[in-house]
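Close look at the chain arrangement
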Amino acid sequence: NAGVMQNPRHLVRRRGQEARLRCSPMKGHSHVYWYRQLPEEGLKFMVYLQKENIIDESGMPKERFSAEFPKEGPSILRIQQVVRGDSAAYFCASSTTGTLNTEAFFGQGTRLTVV
Amino acid sequence: AQSVAQPEDQVNVAEGNPLTVKCTYSVSGNPYLFWYVQYPNRGLQFLLKYITGDNLVKGSYGFEAEFNKSQTSFHLKKPSALVSDSALYFCAVIDGNTDKLIFGTGTRLQVFP
């Protein structure tokens with residue numbers, strides 16, 4: 001089991017471009033969570049998805065950010081028209097059921113730098 | 001709303017000494033508490049969790065945490081620190097309504113030889 005795989009590990013985008021962050025959960029995991037870690041800050045919850053469904057997106061900015069977890073393929077976090085303030089580490093976690101009953105496994109993160 | 005607080009940005013300890021990383025929580029209902037560790041340029045790794053049962057929870061790498069309901073605390077401890085324990089430690093609580101992990105701001109542990 002390869003664990004939670006995130007790619008790319010590092011992503012550089014110019015202001016106004018789109019950033020696509022991918023997360024392949026562990027085999028058998030159908031629950032995916034995205035977190036953002038800003039410099040010198042903790043992890044902030046963004047969105048919780050199950051296959052083909054967004055369960056909780058209360059942490060997602062209302063504009064420019066979107067997430068999906070299709071039936072086939074990885075979960076995608078998409079940031080349109082990136083700005084400097086989007087520079088952060090984005091972590092994905094997956095679990096077999098909700099995190100209440102099982103541990104969440106985290107990927108190594110994607111570090112987005114907006115120049 | 002569920003939340004956790006980590007009052008210390010950084011904790012410094014000499015190798016071989018005991019360490020404590022503090023966490024307090026605020027929840028409505030039963031608390032479900034976690035500790036995660038983040039090594040440099042790595043993702044988070046699960047250390048331990050408290051759901052129910054014994055107040056002293058043992059986890060990975062020799063770490064343990066004590067759940068104290070009266071003080072609403074869940075401090076992380078280790079009897080003898082190692083230089084390799086130097087990392088960023090996050091306390092987390094589950095929001096029982098939404099099943100999402102809410103993290104504290106993290107505490108950087110520095111163990112000196």
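In case you missed it, the structure is sitting above this.
In this text, all values refer to a predicted model and were calculated from it rather than measured experimentally.

To continue, consider the overall build of chain B. Across its full length, chain B holds zero helices and 12 strands. Counting helices and strands in the order they occur from the N terminus, chain B gives β-β-β-β-β-β-β-β-β-β-β-β. Here chain B has a C-alpha radius of gyration of 13 Å; the compact-globule value for 113 residues is 13 Å, and the two agree. Seen through its principal axes, chain B has C-alpha atoms that stretch 45 × 30 × 20 Å. Across the 113 residues in chain B, those meeting the buried criterion constitute 49%. Pairs at least 24 residues apart make up 54% of the contacts formed inside chain B by residues separated by at least 6 positions. When the accessible area of chain B is evaluated, it comes to approximately 5,300 Å², of which 48% is carbon and sulfur surface. Mean positive and mean negative side-chain charge positions of chain B (9 and 9 charges, respectively) differ by 2 Å.

Each side of the interface is counted separately: chain B has 21 residues, and chain A has 23 residues. Considering only the surface of chain B that becomes buried against chain A, B:Leu44, B:Asp99 and B:Lys100 emerge as the three largest contributors, covering 27% of it. At the junction of chain B with chain A, the criterion picks out three residue pairs in polar contact (both at pLDDT 80 or more). When contributions to the side of chain B that touches chain A are tallied by element, the ones reaching two or more residues are β5 (33–38), β6 (44–50), β10 (87–95) and β11 (100–103) of chain B. Counted by class, the side of chain B that touches chain A contains 11 nonpolar, six polar and four charged residues.

Counting residues in each nonpolar core, the largest one holds 27 residues, and the members touching the most others are B:Trp35, B:Leu47, B:Leu48, B:Phe74, B:Leu76 and B:Tyr89. Looking at this core, the elements that each hand over two or more residues are β2 (10–14), β3 (19–21), β5, β6, β8 (64–68), β9 (73–78), β10 and β12 (107–112) of chain B. No other element matches β10(B), which puts four residues into this core. Once residues within four sequence positions are removed from consideration, B:Leu48 is found in contact with B:Leu33, B:Phe34, B:Trp35, B:Val57, B:Lys58, B:Gly59, B:Phe63, B:Glu64, B:Ala65, B:Phe74 and B:Leu76. Of all hydrophobic cores here, the second largest spans 23 residues; its members include A:Leu21, A:Val47, A:Met60 and A:Tyr90.

This paragraph deals with unusual backbone geometry. In this structure, the amide linkage connecting A:Asn7 to the following residue, A:Pro8, adopts the cis form with an omega of -5 degrees. Tracing the sequence through the fold places A:Pro8 in the loop between β1 (5–7) and β2 (10–13). The phi angle at A:Arg64 is positive, at roughly 75 degrees, despite the residue not being glycine. As for its placement among the helices and strands, A:Arg64 is situated in the loop between β6 (53–56) and β7 (65–68). Residue B:Tyr61 is not a glycine yet carries a positive backbone phi of 60 degrees. Among the secondary structure elements, B:Tyr61 is positioned in the loop between β7 (56–58) and β8. For B:Tyr61, a relative accessible area of 46% corresponds to the partly exposed category.

In this structure the tally under the stated criterion is 15 aromatic pairs over all chains. Ring centres of A:Tyr35 and B:Phe103 lie 5.1 Å apart, and the angle between their planes is 90 degrees; on these two criteria the pair is classed as edge-to-face. Taken together, the residues span two chains, with A:Tyr35 in strand β4 (residues 31–37) and B:Phe103 in strand β11. Here A:Tyr35 matches B:Phe103 in class, with each residue buried. Between B:Phe63 and B:Tyr89, the aromatic rings sit 5.5 Å apart at their centres with planes inclined by 45 degrees, giving tilted as the arrangement. One end of the pair, B:Phe63, is in the loop between β7 and β8; the other, B:Tyr89, is in strand β10, with 26 residues separating them in the sequence. B:Tyr89 shares its class with B:Phe63; the two are buried. The structure contains a cluster of three or more aromatic residues connected by ring pairs, namely A:Tyr35, A:Phe45, A:Phe106, B:Phe34, B:Tyr36, B:Phe46, B:Phe90 and B:Phe103.

Take the side chain of B:Ser86 next. Residue and element names in this part refer to chain B. Take Ser-86: it is sitting in the loop between β9 and β10. At a separation of 3.0 Å, a polar atom in the side chain of Ser-86 contacts the main-chain amide nitrogen of Val-111. Those residues in contact with Ser-86 that lie beyond four places of it in its chain are Tyr-39, Leu-109, Gln-110 and Val-111.

Conventions adopted
- Residues numbered from 1 in each chain as written.
- Chains lettered and ligands numbered in written order.
- Predicted model: local features only at pLDDT ≥ 70, side-chain atom pairs only at ≥ 80, totals over all residues.
- Heavy atoms only, no water.
- Helix = DSSP H or I, 4+ residues; strand = E, 2+ residues; numbered from the N terminus.
- Rg over C-alpha atoms; globule rule 2.2 N^0.38 Å.
- Buried < 20%, exposed > 50% of the residue type's maximum accessible area, 1.4 Å probe, protein only.
- Contact = heavy atoms within 4.5 Å.
- Areas by Shrake-Rupley, 256 points an atom, 1.4 Å probe, with all protein chains shown as cover.
- Lys, Arg positive; Asp, Glu negative; His and termini not counted.
- Charge placed at Lys NZ, Arg CZ, Asp CG, Glu CD.
- Buried area = accessible area lost by both parts, 1.4 Å probe.
- Polar contact = N/O pair within 3.5 Å; in protein donor to acceptor, adjacent residues only side chain to side chain.
- Nonpolar A, V, L, I, M, F, W, Y, C, P; charged D, E, K, R; others polar.
- Core = buried A, V, L, I, M, F, W, Y, C linked by side-chain atoms within 4.5 Å.
- Phe/Tyr/Trp six-rings, centres within 6.5 Å; stacked < 30°, edge-to-face > 60°.

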